[in-house]
Amino acid sequence: MKRTEALISDADGTLVDTVRLIRHGQFETAKLFLLQHGLDETDIPSYEDYELIINRMVGGPARDTLEQSVRLLFADTPHKLSGMDFDELHEMLNPVQDALAPEFIKSYQGLSGTLLALGDAGIKLAIFTSGTSYHIVRNFGIALPELGLSELHRDRSTTDRAKLSKFTSIFSQYYGIQGFSVITAGDTKSHKPNPDSLLLAMKQLGTDPNKSAVLGDHSVDMKTAINAGVDRRIGITHGFDNRETLVKSGATTVIDSLDDLIASL
């Protein structure tokens with residue numbers, strides 16, 4: 001088997017445990033939005049109903065996931081959503097998630113050790129995400145306190161892109177990763193499963209599909225890798241999708257923990 005030169009990984013549900021943050025954050029945001037726009041408490045679906053929907057919708061940009069989830073929940077009564085501004089809904093998301101973040105964001109077992117091992121092995125790393133620069137800085141800053149960046153996302157004196165640049169610099173230096181890049185939803189016009197973000201990640205790392213492996217927890221990550229021509233597709237089961245779903249979606253290897261990642265490379 002050829003040695004992997006670069007790992008290109010999803011972020012949420014793969015490297016950082018934000019599954020509860022995404023589910024609860026989007027539910028609480030949608031609930032607040034709907035109540036503010038005249039719906040009664042009895043009109044609001046339960047969290048359990050919302051969770052079933054969001055598991056199907058997640059994978060694209062948060063704004064799209066929010067709108068698609070809410071519309072699907074009210075598929076039988078679409079008139080209740082008449083005139084609602086879903087851009088406004090999306091603008092409400094970050095403050096709600098920020099309040100939940102310290103409790104709900106966790107580092108997956110083995111993350112720090114895996115990152116150090118990637119550095120030691122000389123394997124390049126890129127993160128390709130449907131999230132924003134803000135989300136990367138907040139989520140990894142909280143999940144990896146050793147970086148000293150847990151409050152960086154709250155800094156209002158600079159831009160989100162500048163904060164991401166600071167994060168990438170400190171991250172690559174701390175873990176010794178010579179070749180690190182982050183591709184967010186704002187970097188490409190098309191999103192997963194379109195391969196643009198993955199192709200851009202490989203371009204920035206100076207690698208190609210034959211020398212790369214893709215890691216993800218969701219079927220959309222596997223489909224994106226297939227569309228980008230990457231043959232080594234590693235699914236991980238601690239996020240949104242299970243082993244069966246990942247295999248059906250194209251995973252060539254499935255692991256249960258980041259502790260198993262280096263051996264699979």
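Presented here is a report on the structure given in the accompanying data block. Everything quoted here is computed from the prediction, not taken from an experiment. What you see as residue numbers is a count from 1 along each chain, following the sequence as written. Residue-level local features of this predicted model are given only where pLDDT is at least 70; pairs of side-chain atoms are given and counted only at 80 or more, and the full residue set underlies all totals for whole chains, interfaces and linings. No hydrogens and no water enter the side-chain calculation; it runs on all heavy atoms of the structure.

## Here's the deal with the overall build of the chain
Secondary structure elements follow DSSP: runs of H or I of four or more residues count as helices, runs of E of two or more count as strands, with numbering from the N terminus. For the chain, the count of helices and strands is 12 helices and 8 strands. In terms of C-alpha radius of gyration, the chain reaches 18 Å, essentially the compact-globule figure of 18 Å for 265 residues. Across its three principal directions, the C-alpha atoms of the chain cover 55 × 45 × 30 Å. Out of the 265 residues belonging to the chain, those deemed buried represent 54%. Of the roughly 11,600 Å² that the chain leaves accessible, carbon and sulfur atoms contribute 49%. For the purpose of charge, His is not counted, nor are the chain termini; Lys and Arg are scored as positive and Asp and Glu as negative. A charged residue contributes its charge at one atom only: NZ of Lys, CZ of Arg, CG of Asp or CD of Glu. Mean positive and mean negative side-chain charge positions of the chain (26 and 36 charges, respectively) differ by 6 Å. To get the radius of gyration, use the C-alpha atoms; to get the globule rule, take the number of residues to the power 0.38 and multiply by 2.2 Å. For each residue, the accessible area found with a 1.4 Å probe, counting protein chains only, is set against the maximum for its type, and the residue is called buried under 20%, exposed over 50%, and partly exposed in between. The protein chains shown are the only cover counted for residues, whose accessible areas, like all others here, come from Shrake-Rupley with a 1.4 Å probe.

## What to know about the side chain of S249
Mapped onto the secondary structure, S249 falls in the loop between helix 11 (243-248) and strand 8 (253-255). Not counting the four nearest positions on each side in its chain, S249 is found in contact with S219, M222, K223 and I226. Residue contacts are defined here by distance: any two heavy atoms, one from each residue, within 4.5 Å place the two residues in contact.

## As for the pairing of strand 1 (residues 6-9)
Along strand 1, one buried face is formed by A6 and I8 and the opposite face, lined by L7 and S9, is buried too. Only strands that DSSP links by at least two bridges are regarded as paired with each other. For strand 1 and strand 4 (residues 124-128), the ladder comprises 4 bridges, and the chain directions are parallel. Looking at the pairing, I8 lines up with A126 of strand 4. In the sheet, strand 1 pairs with strand 6 (residues 212-216) via 4 bridges, with the strands oriented parallel. Its bridge partner being in strand 6, L7 is matched across the sheet by A213.

## Digging into the environment of T114
Structurally, the position occupied by T114 is in helix 6 (residues 111-121). Since its relative accessible area comes to 6%, T114 is described here as buried. For the pair T114 and L258, spaced 144 residues apart in the sequence, the C-alpha separation amounts to 6.7 Å. If near-sequence neighbours (up to four positions away) are discounted, T114 is found in contact with L258, D259, L261 and I262.

## Let's talk about the nonpolar core
In this structure, L7, L34, L115, F140, F167, F171 and L215 are the most contacted members of the largest nonpolar core, which totals 64 residues. Of all the elements, helix 1 (residues 19-36) adds the most residues to this core, at 7 residues. What L34 contacts, discounting residues up to four positions off in sequence, is L39, I44, V70, F74, L81 and M84. To define a nonpolar core, start from buried Ala, Val, Leu, Ile, Met, Phe, Trp, Tyr and Cys residues and group those joined through side-chain atoms within 4.5 Å.

## So, helix 7 (residues 133-143)
Counting buried positions along helix 7 gives 11 out of 11 residues, so the element sits mostly inside the fold. For helix 7, the set of buried residues is S133, Y134, H135, I136, V137, R138, N139, F140, G141, I142 and A143.

## Re the packing of helix 6 against helix 8 (residues 160-175)
The contact between helix 6 and helix 8 brings their axes to 8 Å, and the two run at 75°. The pairing of helix 6 with helix 8 is recorded here as roughly perpendicular in orientation. For the pair helix 6 and helix 8, contact is made by S112, L115, L116 and G119 and by F171, Y174 and Y175, respectively. Gly falls in the polar group here, along with every residue not listed as nonpolar (Ala, Val, Leu, Ile, Met, Phe, Trp, Tyr, Cys, Pro) or charged (Asp, Glu, Lys, Arg). Here the residues of the contact of helix 6 with helix 8 are counted per class, giving 5 nonpolar, 2 polar and no charged. Axes here refer to lines fitted to C-alpha atoms; in helices the fit is confined to the stretch in contact. Angles between the N-to-C directions go from 0 to 180 degrees. Any angle from 65 to 115 degrees is called roughly perpendicular, while one under 35 is roughly parallel, one over 145 is roughly antiparallel, and all others are oblique.

## Some words on the packing of aromatic side chains
Stacked, tilted and edge-to-face are the three classes applied to pairs of Phe, Tyr and Trp rings, where Trp contributes its six-membered ring and a pair requires centres within 6.5 Å; stacked means planes under 30 degrees apart, edge-to-face means over 60, and tilted covers the rest. Summed over the entire model, instances satisfying the criterion amount to 10 aromatic pairs. Consider the rings of F171 and F180, whose centres lie 4.3 Å apart with planes at 15°: the pair is stacked. For the pair F171 and F180, one class covers both residues: buried. Each residue in the set F140, F167, F171, Y174, Y175 and F180 is aromatic and connected to the rest through ring pairs, giving one cluster. Directly above the ring of F128 sits K192, whose terminal nitrogen or CZ lies 4.2 Å from the centroid. Working rule: Lys NZ or Arg CZ, within 6 Å of ring centre, within 35 degrees of ring normal, means a charge sits over the ring.

## Thoughts on helix 5 (residues 93-104)
Taken residue by residue, helix 5 has L93, V96, Q97, D98, L100, A101 and F104 as its buried positions. Against the buried residues of helix 5 lie strand 2 (16-17), helix 1, helix 3 (62-73), helix 4 (86-91), strand 3 (106-107) and helix 7.

## Notes on the packing of helix 1 against helix 3
For the pair helix 1 and helix 3, interaxial distance at closest approach is 11 Å and the crossing angle is 60°. The angle between helix 1 and helix 3 places the two elements in the oblique class. Read as a crossing pair, helix 1 and helix 3 show a hand that is right-handed. On helix 3, the residues touching Q26, A30 and L34 of helix 1 are A62, T65, L66 and V70. Here the contact of helix 1 with helix 3 is built from residues that sort into 5 nonpolar, 2 polar and no charged. Handedness of a crossing follows from how the near helix is turned relative to the far one, being left-handed for an anticlockwise turn of less than a right angle and right-handed for a clockwise one.

## What to know about unusual backbone geometry
That bond from K192 to P193 is cis: its omega, 5°, falls within 30 degrees of zero. As for its position among the elements, P193 is in the loop between strand 5 (180-183) and helix 9 (196-205).

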